[in-house]
Amino acid sequence: MAHGTLADYLSELQAVIETKEGLLAAELLSFKHPHIVNPRLKIANPETQVERYFDPPYDEMVAAHIRAVWSISNHDFIEAYGCQTIVVQSFCKALQSQKDENWSLPMLFALCLDLRLFANSADIQLTKKGRGKPGETLEKAADILMGAFRICASDNRAQSADSKKWGMLNLINQLFKIYFKINKLHLCKPLIRAVDNSNFKEHFSLSQQVTYKYYVGRKAMFDSDFKGADDYLSYAFQHCHIMSRRNKRMILIYLTPVKMLLGYMPSVSLLQKYDLLQFADIVSPVRQGNLLQLNEALIKHEAFFIKCGIYLILEKLKIITYRNLFKKVYLILKTHQLSVDAFTSALRIMGVDDIDNDEAQCLIANLIYEGKIKGYISYQHQKLVVSKQMPFVPLTSLK
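A.B. asks: Where do I start with the overall build of the protein chain in this structure?
C.D. replies: Helix and strand counts for the protein chain come out as 20 helices and three strands. For 399 residues, the compact-globule estimate of 2.2 N^0.38 gives 21 Å, and the C-alpha radius of gyration of the protein chain, at 28 Å, exceeds that figure by more than 25%. Projected onto the principal axes, the alpha-carbon positions of the protein chain cover approximately 90 × 50 × 35 Å. Taken as two groups, the 49 positive and 39 negative side-chain charges of the protein chain have centres that lie 7 Å from each other.

Structural data, given as structure tokens:
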């Protein structure tokens, strides 16, 4: 097919659509298929030839696909995106007309994937040309994907095996990728609700479930729901294919700080295995209560943590570092009545020069409120009075 004529391509595509071979049709319409490098298919106006093989809406869909091939050959992703929107919209007309069948879902997945990728590339080209706002094309692509999602989600008549609802999670994952890219995470909420209310949620393909849990886990982390984030990201990591090292590493970038905030410190061997030793410089100071070293490690790896979007999450580890530092003060003084001055001095040793007793009391009060210290502050005597039984409860036991 890489060297066949346009007639050969159209004839083959027509045959697989007529016989409802969704996977083969998806391949022939995907930009991962070798036909896109065939010079005989790089045609700017293929409508006349296409109409000999296809009726509406497939004629419009295939003609736009051929024009997109031509656009890509010219490295014009802005035009390619415009063509691909026509491809997806035309296909959605066909999908909507198909009653009690879902053979064409693989086609939908392939077309929507290319739409998102072209939108991303088009945004880059538009930015270079000084046109449009960053992410504007991706946002428009999300609207088109949402239209396809609604067709799948509203298919209530078909039997379970033939339902278009099987396409929901793939499209949701495509939308998640866009919403995270353009930083509109609030738009994920109704999609998460749709999955939670679906009878199919435990039966989607494992690969799609792993992708879904990864994004929902990241969202939970940004919402400070660290227990939820741990559940979702742990599932994604445990069920991610063992050979998908890159994907496992991506999951760990977010799972690691979540685990640390819950009191579970990763081993150096695990971090070394996935080339994430940046976290090793964080683990040791947090465990030792060494605020000075923690700040140095955050500065040292600042660019990496900001790029991953986790710098502010790692800043939250300071409260655990305070807790571990104050535990050291308790162990040194060996008393359950601890002077606030002792904590203030410890903080100054750790490089917090502008701290006073009032601010130290605020830190202690926060730790008591969060259940990380069992005790109370005696303001009259300027002392922290801690419980005689396990005043510094294990972080892993906190709810």
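A.B. asks: What is the right way to read the packing of aromatic side chains from this model?
C.D. replies: Geometrically, a pair of aromatic rings is defined through the distance of the ring centres and the angle of the planes. According to the stated counting rule, one finds 16 aromatic pairs in the structure shown. Taken together, the aromatic side chains of Phe 176, Phe 180, Tyr 212, Tyr 214, Tyr 215 and Tyr 254 make up a single cluster linked through ring pairs. Between Lys 213 and the ring centre of Tyr 235, over which it is positioned, the NZ or CZ distance is 4.8 Å. A cation over a ring is seen here: Arg 218 above Tyr 254, with NZ or CZ 4.4 Å from the ring centre.

A.B. asks: It is not clear to me how the layout of surface pockets should be interpreted in this structure. Could you clarify?
C.D. replies: In this approach the atoms are scanned with a rolling probe the size of a water molecule, which exposes any empty space left behind. What the largest pocket holds in volume is close to 1300 Å³. In this structure, the largest pocket is lined by 41 residues; those nearest its centre are Lys 177, Tyr 214, Tyr 215, Arg 218 and Met 250. Of all the elements in the fold, those that place two or more residues in the lining of the largest pocket are α6 (105-128), α8 (168-181), α10 (206-222), α12 (245-261) and α16 (302-308). With nine residues, the single largest contributor to the lining of the largest pocket is α10. Of the residues belonging to the lining of the largest pocket, the class tally is 20 nonpolar, 13 polar and eight charged. Reported here for the second largest pocket is a volume of approximately 380 Å³. Considering the residues around the second largest pocket, the lining is formed by 15 residues, among which Phe 226, Leu 261, Leu 262, Glu 370 and Lys 372 are closest to the centre. Going through the elements one at a time, α11 (226-239) and α18 (317-333) are the ones with two or more residues in the lining of the second largest pocket.

A.B. asks: Would you mind showing me how to read a negative patch on the surface here?
C.D. replies: Taken together, the side chains of Asp 353, Asp 354, Asp 356, Asp 358 and Glu 359 present a region of like negative charge at the surface. By secondary structure assignment, the location of Asp 354 is in the loop between α19 (340-349) and α20 (357-369).

A.B. asks: What exactly am I supposed to notice about the environment of Lys 165 here?
C.D. replies: Tracing the backbone shows Lys 165 in the loop between α7 (136-153) and α8. As a C-alpha pair, Lys 165 and Asp 358 span 193 residues in sequence and 58 Å in three-dimensional space. Not counting residues up to four positions away in its chain, the partners in contact with Lys 165 are Cys 152, Ala 153, Asp 155, Asn 156, Phe 200 and Phe 204.

A.B. asks: What should I look at first to understand the packing of α6 against α7 in this one?
C.D. replies: The description of two helices packed together rests on the angle between their axes and the distance between the axes. The geometry of α6 relative to α7 is characterised by a closest axis approach of 8 Å and an angle of 165 degrees between their N-to-C directions. Classified by the interaxial angle, the pair formed by α6 and α7 is roughly antiparallel. Relative to α7, the crossing made by α6 is left-handed. Side by side, α6 and α7 meet where Leu 105, Leu 108, Cys 112, Leu 115, Arg 116, Ala 119, Asn 120, Ala 122, Asp 123 and Leu 126 of the first sit next to Glu 136, Thr 137, Leu 138, Ala 141, Ile 144, Leu 145, Ala 148 and Cys 152 of the second.

A.B. asks: Quick question: what am I supposed to make of the pairing of strand β3 (residues 383-386) here?
C.D. replies: Examined bridge by bridge, strand β1 (residues 337-339) and β3 share three bridges and lie antiparallel to one another. Residue Leu 338 lies in a different strand from β3, and its bridge partner there is Leu 384. In this sheet, β3 lies alongside strand β2 (residues 375-378) in antiparallel orientation, the contact comprising four bridges. When the sheet's bridge partners are listed, Ile 377 is paired in β3 with Leu 384. Counted along the chain from β2 to the antiparallel partner β3, the turn is four residues long, and its residue Gln 382 has a positive phi close to 55 degrees.

A.B. asks: Is there a simple way to think about the nonpolar core in this case?
C.D. replies: Across soluble globular proteins, nonpolar side chains have a tendency to be buried as a group. Counting residues in hydrophobic clusters, the biggest one holds 140 residues, and the most contacted among them are Met 61, Met 107 and Phe 326. With residues near it in sequence (within four places) discarded, Met 107 still touches Ile 17, Gly 22, Ala 25, Ala 26, Leu 29, Tyr 58, Met 61 and Phe 91.

A.B. asks: Just checking my understanding: could you explain the state of the cysteines for this structure?
C.D. replies: Under the criterion given, the structure shown has zero disulfides. No disulfide involves Cys 83; its nearest neighbouring cysteine sulfur is the one of Cys 112, lying 16 Å away. Judged by relative accessible area, Cys 83 falls into the buried class, the value being 2%. No disulfide involves Cys 240; its sulfur sits 16 Å from that of Cys 308, the nearest cysteine. Under the relative-accessibility criterion, Cys 240 is labelled buried at 8%.

A.B. asks: What exactly am I supposed to notice about the pattern of salt bridges here?
C.D. replies: Side-chain pairs of opposite charge can arise where the charged atoms are in close proximity. Tallied over the entire structure, the rule returns eight salt bridges. As a salt-bridge pair, Lys 219 and Asp 223 come within 2.8 Å of each other at their nearest N and O atoms. With a relative accessible area of 13%, Lys 219 lands in the buried category.

A.B. asks: Can you help me understand α20 in this one?
C.D. replies: Each α-helix winds once per 3.6 residues, and so residues spaced three or four apart point in a common direction. Its 13 residues place the ends of α20 18 Å apart at the C-alpha level, agreeing with the 18 Å of an ideal helix rising 1.5 Å per residue. Of all the residues in α20, the buried ones are Asn 357, Ala 360, Gln 361, Leu 363, Ile 364 and Leu 367. One face of α20 carries all of its buried residues, which in axial projection span an arc of 160 degrees. Those residues of α20 that are exposed and aimed more than 90 degrees away from the buried face are Asp 358 and Tyr 369. Residues of α20 that are buried in the fold lie against α18, α19, β2 and β3. With a side-chain oxygen positioned 3.2 Å from the backbone nitrogen of Asp 358, the residue opening α20 is Asp 356. Phi for Gly 371, located one or two positions after α20, is positive at around 80 degrees.

What counts, and where the lines are drawn
Residues numbered from 1 in each chain as written. Predicted model: local features only at pLDDT ≥ 70, side-chain atom pairs only at ≥ 80, totals over all residues. Heavy atoms only, no water. Helix = DSSP H or I, 4+ residues; strand = E, 2+ residues; numbered from the N terminus. Rg over C-alpha atoms; globule rule 2.2 N^0.38 Å. Lys, Arg positive; Asp, Glu negative; His and termini not counted. Charge placed at Lys NZ, Arg CZ, Asp CG, Glu CD. Phe/Tyr/Trp six-rings, centres within 6.5 Å; stacked < 30°, edge-to-face > 60°. Lys NZ or Arg CZ within 6 Å of the ring centre and 35° of its normal. 1 Å grid on protein atoms, 1.4 Å probe; cavity = no way out; pocket = protein on both sides within 12 Å on 5 of 7 lines; lining within 4 Å. Points joined across faces, edges and corners; volume = space filled by probe spheres on them. Nonpolar A, V, L, I, M, F, W, Y, C, P; charged D, E, K, R; others polar. Patch = residues over 30% accessible without salt bridge, like charges linked within 9 Å, V, L, I, M, F, W, Y side chains within 5 Å. Areas by Shrake-Rupley, 256 points an atom, 1.4 Å probe, with all protein chains shown as cover. Salt bridge = Lys/Arg side-chain N within 4 Å of Asp/Glu carboxyl O. Contact = heavy atoms within 4.5 Å. Axes fitted to C-alpha atoms, helices over the stretch in contact; angles between N-to-C directions. Parallel < 35°, antiparallel > 145°, perpendicular 65-115°, else oblique. Left-handed = near helix turned anticlockwise from the far one by under 90°. Pairing = 2+ DSSP bridges. Core = buried A, V, L, I, M, F, W, Y, C linked by side-chain atoms within 4.5 Å. Buried < 20%, exposed > 50% of the residue type's maximum accessible area, 1.4 Å probe, protein only. Disulfide = S-S within 2.5 Å. Expected span 1.5 Å × (residues − 1). Arc of directions from axis to C-beta. Polar contact = N/O pair within 3.5 Å; in protein donor to acceptor, adjacent residues only side chain to side chain.

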